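Fold and geometry: a report
Below, each chain spelled out in residue letters.
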Amino acid sequence: MKIALAVNPRASFGRGRHAGGAAAECFRAAGAEVELLCEDSYAALAARVADAVAGGVDALVVVGGDGMVHLGVNALAAVPAVAGADGGAPEGFTGTAAGTPLGIIPTGTGNDLARMLELPRHDIPAAVERVLAALGSGGRRIDAGRAVSAGRTHWFAGVLSAGFDAAVNERANAWRWPRGQSRYNLAMLRELAGFTAIDYALTIDGERRRQGAMLVSVANGRSMGGGMAIAPEASLEDGLLDLFVVHPLSRAALLAVFPKVFTGRHVGHPAVELRRVRRVVLEADGVVAYADGERLGPLPLTIDVVPGALRVLA
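Structure report, in brief. (Residues numbered from 1 in each chain as written. Predicted model: local features only at pLDDT ≥ 70, side-chain atom pairs only at ≥ 80, totals over all residues. Heavy atoms only, no water.)

**Some points on the overall build of the protein**
For the record, the criterion: Only DSSP runs of H or I with at least four residues qualify as helices, and only runs of E with at least two residues qualify as strands; both kinds are numbered from the N terminus onward. With a 1.4 Å probe rolled over the protein chains alone, any residue whose accessible area is under 20% of its type maximum counts as buried; one over 50% counts as exposed, and the rest are partly exposed. Should any heavy atoms of two residues lie within 4.5 Å, those residues are considered in contact. In this description, accessible areas are obtained by the Shrake-Rupley approach with a 1.4 Å probe, and a residue is regarded as covered only by the protein chains that are shown.
For the protein, the helix and strand inventory stands at 8 helices and 16 strands. For the protein, the proportion of its 314 residues judged to be buried stands at 54%. Once local pairs closer than 6 in sequence are excluded, the contacts in the protein between residues at least 24 apart make up 71%. Taken as a whole, the protein presents about 13000 Å² of accessible surface, with 50% of it coming from carbon and sulfur.

Here it is as structure tokens:
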């Protein structure tokens, strides 16, 4: 049994190296051969992961939060062409449903996919045990979201966002202090001070419309940002995405409704729109998209779902 174990040394503000070493010890104690992948940059780590997967491993296991899951998803969910408007997997689909599975040791601050998969969080021995048990049984197939822009493809397991929440991420990521959730909360207040509704063009399953909105998200999973349940009924296995739109609100009203996403109580708000979709084209000037908490880049993006694109060890 050969496992590629990828860990971001900067994850959780420097605790990543210790978590990776501890996970490696657990796997080796169970008899696995472990290739520990640890680099100083996300790009260098992604390159090493790609090489390890190409060389042949029984599983790719990532140690960290949603950013590391995002890296793993993009290393494994590879298909030859964009799906058609019906959202189905294209002919010749060669994703990882029958290939290298993804294991997760959740030690980050978000852990949204791990939460959906009911994996042990911040408990390395228990998480390793779950990975090994699932490796023996074959794991679980889940859908993956796919975003394409200018010929470049990004994959995501959780949520893609482009609007107020993405702008908050953009601001927070530019700050080195404070750390943790307080940095996000402060960035949200600073962003809110000057934020106004964005003029989007949305093409939803072939139907185009202009839409003023505070934010637009496309969800494969239920939550983002460490438990913000923006799409409480989303499923990882239904072959659909959940489109989440917050229609124009005053700043005070947005500040009032935004915290409700942590409990899912935002769903009944008259400014909130949720619908199941297969394919969405997002267009807006000056808007940057994030997926699984990682920066993708500016709109436009064409987003669809590939059913069963990933095999996860859960």
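**Overview of the layout of surface pockets**
Cut-off, in case you're wondering: Two kinds of site are reported from a 1 Å grid over the protein atoms alone, namely cavities, where a 1.4 Å probe fits but cannot get out, and pockets, open sets with protein on both sides within 12 Å along at least five of seven lines, and residues are called lining when an atom falls within 4 Å of a point. Grid points are joined across faces, edges and corners, and a volume is the space filled by probe spheres set on the points. Put simply, Ala, Val, Leu, Ile, Met, Phe, Trp, Tyr, Cys and Pro go in the nonpolar bin, Asp, Glu, Lys and Arg in the charged bin, and everything else, Gly too, in the polar bin.
The calculated volume of the second largest pocket comes to roughly 280 Å³. Tyr-42, Ala-46, His-70, Asn-74 and Arg-152 are, among the 13 residues lining the second largest pocket, the residues nearest its centre. Secondary structure elements with two or more residues in the lining of the second largest pocket: helix H2 (42-55), helix H3 (66-76), strand S6 (152-156) and strand S15 (294-298). Taken together, the residues of the lining of the second largest pocket sort by class into 7 nonpolar, 3 polar and 3 charged.

**With respect to H2**
Selection criterion: How far a helix is expected to stretch is found by multiplying one less than its residue total by 1.5 Å.
Here H2 spans 20 Å end to end across 14 residues, near enough to the 20 Å set by a 1.5 Å rise per residue. For H2, the elements touching its buried residues are strand S1 (2-7), strand S2 (33-38), strand S3 (59-64) and H3. In the segment just after H2, Gly-56 is the residue with positive phi, at about 100°.

**Looking at the sheet that holds strand S7 (residues 159-163)**
Condition: Strand pairing follows a simple DSSP-based rule, namely that at least 2 bridges must link the two strands. Comment: axis = line fitted to C-alpha atoms, over the contacting stretch for helices; angle = value between 0 and 180 degrees taken between N-to-C directions.
On the basis of which strands lie adjacent, the open sheet formed by 6 strands has the order S12-S11-S10-S7-S14-S15 and antiparallel pairing. Sheet topology places strand S12 (272-277) and S15 at the edges, where each strand pairs with a single neighbour. Taking each pair of neighbouring strands and ignoring which way they run, the sheet shows an average axis angle of 20°. Sheet topology places S7 next to strand S14 (residues 288-291); 2 bridges connect them, and they run antiparallel. What sits directly across from Leu-160, in S14, is Ala-291. Along the sheet, helix H6 (residues 164-173) makes contact with S7, strand S10 (215-219), S14 and S15, crossing S7 at roughly 90°.

**Structural notes on the pattern of salt bridges**
So the rule is basically this: Within this document, salt bridges are pairs made up of a side-chain nitrogen of Lys or Arg and a carboxyl oxygen of Asp or Glu, the two lying within 4 Å of each other.
Per the stated rule, a full pass over the model turns up 10 salt bridges. The partner of Arg-48 in a salt bridge is Glu-39, with the nearest N and O atoms 3.3 Å apart. Under the relative-accessibility criterion, Arg-48 is labelled partly exposed at 29%. A salt bridge links Arg-115 to Asp-112; the shortest N-O distance between them is 3.3 Å. Here Asp-112 and Arg-115 lie together in helix H4 (residues 112-116), a separation of 3 residues that amounts to about one turn. The class for Arg-115 is partly exposed, based on a relative accessible area of 28%.

**Regarding the side chain of Asn-220**
This is how it is decided: Between N or O atoms, a polar contact is any pair within 3.5 Å; within protein, one atom must be a potential hydrogen donor and the other a potential acceptor, and residues adjacent in sequence are included only when both atoms are from side chains.
Its place among the elements puts Asn-220 in the loop between S10 and strand S11 (241-246). Given the relative accessible area of 0%, Asn-220 is considered buried. At 3.1 Å, the side chain of Asn-220 forms a polar contact with the backbone oxygen of Asp-143. In this structure the side chain of Asn-220 is engaged in a polar contact, spanning 2.8 Å, whose partner is the backbone oxygen of Ala-157.

**A closer look at the packing of aromatic side chains**
Note the following rule: Only the six-membered ring of Trp is used, alongside the rings of Phe and Tyr, when aromatic pairs are assigned; centres must lie within 6.5 Å, and planes under 30 degrees apart are stacked while those over 60 apart are edge-to-face, with the rest tilted.
Evaluation of the coordinates by the stated rule reveals 1 aromatic pair. Taking the centre distance of 5.1 Å and the plane angle of 75° together, the rings of Phe-164 and Phe-195 count as edge-to-face. One end of the pair, Phe-164, is in helix H6; the other, Phe-195, is in the loop between helix H7 (181-192) and strand S8 (198-204), and 31 residues separate them in sequence. Each member of the pair Phe-164 and Phe-195 is classed as buried.

**Thoughts on empty space enclosed by the protein**
Throughout the structure, instances matching the rule amount to 1 cavity of 30 Å³ or more. Within this model, the largest cavity holds a volume of roughly 50 Å³. Along the walls of the largest cavity sit Leu-215, Phe-244, Val-246, Leu-254, Val-257, Phe-258, Val-261, His-266 and Val-272, which together make up its complete lining. Elements with a contribution of two residues or more to the lining of the largest cavity: S11 and helix H8 (251-257). Of the residues contributing to the lining of the largest cavity, the split by class is 8 nonpolar, 1 polar and no charged.

**Some details on the pairing of strand S5 (residues 140-149)**
Among the 10 residues in S5, 7 count as buried, and that is most of the element. With 5 bridges joining them, S5 and S6 adopt antiparallel strand pairing. Paired with Arg-146 across the bridge in S6 is Trp-155. Linkage of S5 to S6, two consecutive antiparallel strands, is achieved through a turn of 2 residues, within which Ala-150 is found at a positive phi near 50°.

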